[in-house]
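As a plain string of letters, each chain reads:
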Amino acid sequence: MMQLGANPPDHRRACGRGLRSAGRSALLEAVVPITLGPRMVTFRRDVLGWAGASHFVLEPLTDDADDAPAVFAALRCTDTVQLRGGQVVPGPVFLVAPPGLFAPGYQVPLDERFAESLDLIVPDDAALLAIVTQRNPLERSTVNLFSPIVVNRHTGMADQFVPASSEAEVGWLVRTPLPSSLVTEDRD
Amino acid sequence: MLTLTREPGEKILVGDDIVITVVSVSENGRVRLGIEAPRQIRIDREEVLERIRSENIEAAAGAAGPSSWAARAARRANRQASVARADPTPARQPAEPRATAAAGS
């Protein structure tokens, strides 16, 4: 059963209610996750689909001509992983960005159990990262808003949140189409 | 595979600290289960986990590919964020100086 630590249970519940960003401030908040304190991100368990991949480095994709904090980042695995055939290969690299960038007002209802596992006491303890899947053509690219990566911004501990409910019940999709402003403008 | 027959309200014990309770069985065959387990034990629906797993594999393949789109999209998003930061109307100040230094390191 769940054990509450030294922190009052109502703080736990406040976190369980969800991590939100709303309206105009979404993009501002969205900047924060990429400039997390710890740049090393350690997953509590191997990333789903990648056995052996738990240590990552968050590398902001900055523009040399602009010293603004980055919004997109590469989440690069520093472990090697073994494929089913036994072949050892470098770990995966993910393109990530704060979910609020794609869906202003985005929030995810973390359950108490999950929040506790990452030592999240209040919503501000957590940073959210959504994984972008690039496809060809780019218009088919999507972002996973159903199952974001949650990082404890103080410790760098992370886990991919897996809702107990279906996509229909949660309201966010594993394959959410990207806003057209992101995929059409600079197209080759 | 071990198979057990249980009635609603009856429990199954797995090891010392996992308890599975059959909560109800509906007429259309849906079974509601209650599960008590230590917090380090993950409990997931199989089909949900599989969907995320396959997406994670595809996402890494896409990110590793030769695409400059991500960098361009990142630049554009960064510019939008800069414009938003320059706007004096937001209620709260973003991005403390420490964060900017971290991004440039």
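Keep in mind that this is a model prediction, so the values were computed, not measured. (Residues numbered from 1 in each chain as written. Chains lettered and ligands numbered in written order. Predicted model: local features only at pLDDT ≥ 70, side-chain atom pairs only at ≥ 80, totals over all residues.)

Some thoughts on the confidence of the model for chain B
This prediction gives chain B a mean pLDDT of 76; 59% of its residues lie at or above 70. Per-element confidence in chain B ranges from a low mean pLDDT of 36 for helix H3 (residues 97–104) of chain B to a high of 97 for strand E2 (residues 18–25) of chain B. (pLDDT = per-residue confidence, 0-100. Helix = DSSP H or I, 4+ residues; strand = E, 2+ residues; numbered from the N terminus.)

Regarding the nonpolar core
Residues Leu75, Val96, Leu129, Ala130, Val132, Val150 and Val151 of chain A are the most contacted members of the largest nonpolar core, which totals 48 residues. Only strand E2 (40–43), strand E3 (55–60), strand E4 (73–77), strand E7 (93–97), helix H3 (112–117), strand E9 (126–133) and strand E10 (142–152) of chain A together with helix H1 (46–64) of chain B provide two or more residues apiece to this core. Once you skip the residues sitting within four places of it in the chain, Val132 of chain A turns out to touch Leu95, Val96, Ala97, Ser141 and Val143 of chain A together with Ala59 of chain B. (Core = buried A, V, L, I, M, F, W, Y, C linked by C-beta atoms within 7 Å. Buried ≥ 20, exposed ≤ 12 C-beta atoms within 10 Å, placed from the backbone. Contact = placed C-beta atoms within 7 Å.)

Section: the sheet that holds strand E1 (residues 11–14) of chain B
Residue and element names in this part refer to chain B. Taken in spatial order, the 3 strands make up an open sheet running E1-E2-E3, and their pairing is antiparallel. The open sheet has two edge strands, E1 and strand E3 (31–36), and neither has a second partner. Across this sheet, the average inter-strand angle for adjacent strands is 25°, counted without regard to direction. With 4 bridges connecting them, E1 and E2 associate as antiparallel partners. Bridge pairing links Ile12 to Ile20 in E2. (Pairing = 2+ DSSP bridges. Axes fitted to C-alpha atoms, helices over the stretch in contact; angles between N-to-C directions.)

Some details on unusual backbone geometry
Even without being a glycine, Asp119 of chain A presents a positive backbone phi close to 60°. Its location among the elements puts Asp119 of chain A in the loop between H3 and E9.

Observations regarding the pairing of E2 of chain A
Residues and elements named next belong to chain A. Of the two faces of E2, the one holding Val41 and Phe43 is buried and the one holding Met40 and Thr42 is not buried anywhere. Bridge count between E2 and E3: 3 bridges; the pairing is antiparallel. Among the inter-strand pairings, Val41 is bridged to a residue of E3, identified as Phe56. In this sheet, strand E11 (residues 157–160) lies alongside E2 in parallel orientation, the contact comprising 2 bridges. For Phe43, the partnering residue across the bridge sits in E11 and is Ala158.

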